[in-house]
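So the chains spell out like this:
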Amino acid sequence: MIQNIALIKNPTSRLNQNEKENADFTKFASEWLGSRYCMPDTIEKLNQMMVHYAAENVECIIVDGGDGTISQVMTGIYHAYDSDKMPKLVILPSGNTNLIAKDIGFGVRGVQALQRVKILHERQRLINSVQHRHALKIEWSDTSKTPILGMFAGAAAFTRAINIAHNPTILKNFAHDWAVGITIIFALLKLLSPQTRELWLKGEKCELQYDQQKIVSENSFLFLATTLQSLSSGMWPFWGGTHDDQRLHYLNIGPYPSKLLSACWNLLRGKAPLWLRNHPSYHSGIAQKISMKIQKEIILDGEHYDTGSDYQVYLSVGPEFSFVRL
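Analysis parameters
- Residues numbered from 1 in each chain as written.
- Predicted model: local features only at pLDDT ≥ 70, side-chain atom pairs only at ≥ 80, totals over all residues.
- Heavy atoms only, no water.
- Core = buried A, V, L, I, M, F, W, Y, C linked by side-chain atoms within 4.5 Å.
- Buried < 20%, exposed > 50% of the residue type's maximum accessible area, 1.4 Å probe, protein only.
- Contact = heavy atoms within 4.5 Å.
- Salt bridge = Lys/Arg side-chain N within 4 Å of Asp/Glu carboxyl O.
- Helix = DSSP H or I, 4+ residues; strand = E, 2+ residues; numbered from the N terminus.
- Pairing = 2+ DSSP bridges.
- Axes fitted to C-alpha atoms, helices over the stretch in contact; angles between N-to-C directions.
- Parallel < 35°, antiparallel > 145°, perpendicular 65-115°, else oblique.
- Left-handed = near helix turned anticlockwise from the far one by under 90°.
- Nonpolar A, V, L, I, M, F, W, Y, C, P; charged D, E, K, R; others polar.

Novice: Explain the nonpolar core residue by residue, including any values.
Specialist: Within the largest apolar cluster, 72 residues are counted, with the highest numbers of intra-cluster contacts made by Tyr 53, Ile 61 and Phe 323. In contact with Ile 61, other than residues within four places in its own chain, are Ala 6, Ile 8, Met 50, Tyr 53, Ile 77, Tyr 81, Pro 87, Lys 88, Leu 89 and Val 90. Ile 138, Cys 206, Phe 223 and Ala 225 belong to the second-largest nonpolar core, a separate cluster that totals 23 residues.

Novice: Explain the pattern of salt bridges to me, and be specific about the residues and the numbers.
Specialist: In this structure the tally under the stated criterion is seven salt bridges. Between Arg 36 and Glu 56 there is a salt bridge; the shortest N-O distance is 3.0 Å. With Arg 36 in the loop between helix 1 (19-33) and strand 2 (37-38) and Glu 56 in the loop between helix 2 (43-55) and strand 3 (60-65), this pair connects stretches of sequence that are 20 residues apart. Take Glu 56: its relative accessible area is 30%, and that puts it in the partly exposed class. With its nearest N and O atoms 3.6 Å apart, the salt bridge here joins Lys 145 to Asp 306. Residue Lys 145 is found in the loop between strand 5 (130-140) and strand 6 (148-150), and its partner Asp 306 is found in the loop between strand 15 (303-305) and strand 16 (312-324); the two are separated by 161 residues along the sequence. Judged by its relative accessible area of 41%, Asp 306 falls in the partly exposed class.

Novice: Pulling in residues and values, what's your account of the pairing of strand 7 (residues 152-156)?
Specialist: Counting buried positions over the five residues of strand 7 gives five, a clear majority of the element. In terms of strand pairing, strand 7 meets strand 10 (residues 222-226) through five bridges, oriented antiparallel. When the bridges of strand 10 are listed, Phe 152 appears paired with Thr 226. As defined by bridge partners, strand 7 adjoins strand 14 (residues 298-300) across two bridges and the pair is classed as antiparallel. If you follow Gly 154 over to strand 14, its bridge partner there is Ile 299.

Novice: Explain unusual backbone geometry to me, and be specific about the residues and the numbers.
Specialist: The backbone phi angle of Asp 211 is positive, close to 50°, even though this residue is not glycine. Of note, Asp 211 is situated in the loop between strand 8 (206-210) and strand 9 (216-217). Here the phi dihedral of Tyr 256 falls at roughly 50°; this positive angle occurs in a residue that is not glycine. Note that Tyr 256 resides in the loop between strand 11 (248-253) and helix 10 (260-267).

Novice: Any chance you could break down the environment of Gly 154 for me, citing the residues and the numbers?
Specialist: On the secondary structure map, Gly 154 appears in strand 7. What makes Gly 154 buried here is its relative accessible area of 0%. The sequence separation of Gly 154 and Gly 302 amounts to 148 residues, and the corresponding C-alpha distance is 9.0 Å. Once residues within four sequence positions are removed from consideration, Gly 154 is found in contact with Thr 159, Phe 223, Leu 224, Ile 298 and Ile 299.

Novice: With reference to specific residues and values, describe the packing of helix 2 against helix 3 (residues 67-80).
Specialist: For the pair helix 2 and helix 3, interaxial distance at closest approach is 9 Å and the crossing angle is 50°. As the angle between them shows, helix 2 and helix 3 are arranged oblique. In terms of crossing hand, the pair formed by helix 2 and helix 3 is right-handed. Packed against helix 2, whose contacting residues are Ile 43, Leu 46, Asn 47, Met 50, Val 51 and Ala 54, the element helix 3 presents Gln 72, Val 73, Gly 76, Ile 77 and Ala 80 at the interface. For the contact of helix 2 with helix 3, the class distribution of residues is eight nonpolar, three polar and no charged.

Keep in mind these values describe shape, not function.
Printed below as a string of structure tokens:
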């Protein structure tokens, strides 16, 4: 039976802006959890809470936020908890991006979700339905930089597309699934403009090594990697391996890719026809570790991270987390 429960809430998440809902949520959470209801406003405070929760043997943490918040919580747990005592997670999806929640299978949020968790906990049925996922870990060659955990990473054109997705106009007027679709459309429209077409299509200077394979040194138009097992609306831009909890799914598109619109149309529908699999510009598969050297920032669950003074980062399969489904 789960003994101790805590709650981390990101009050700035897109769906947490309703004042009345926030007031009702805070009242219920405070009365139920007391000091274990926390709204840290910095990563440093969040990490301090993870250390405190580990010392108190908190066995379940409710995370009210989007992918970025979940990523920060997983990172804090990774550094604060013993590997054999990591808490189970309950996700209340409320962010700009909720890919993790959609993959796990969550839908309930707000006070309704807290009431359900409380009832299930009191009936000792909270962990009846649990999904397991490994995190994606990013490390730097500079060991002074702390490793971070998440589940969906990208670089090159993906970094530019995220900047478009974070445009307040898109976030305000479109739900998450539509925001992703609109973002992709905007990104493709950039290729029609003479001012941006060359910049986007030539990609970013990049070196990639999958496991112990030969290092590939070529500009990358788009790079993606994930430990998720599904994405929103049937999208799945990966092939070359089955769902494997011990390895990363990755996609790398080389510079000036031909048939790009056709490739995007197929991959966004979860299709990878034979011509795409055999095309030299499109490379996908699974790996336990990916070494990447790129000067531009890398994105992990919607957050930007620089690649250090030597531009070298390492992506690998991180620890396994248990997610309670509501």
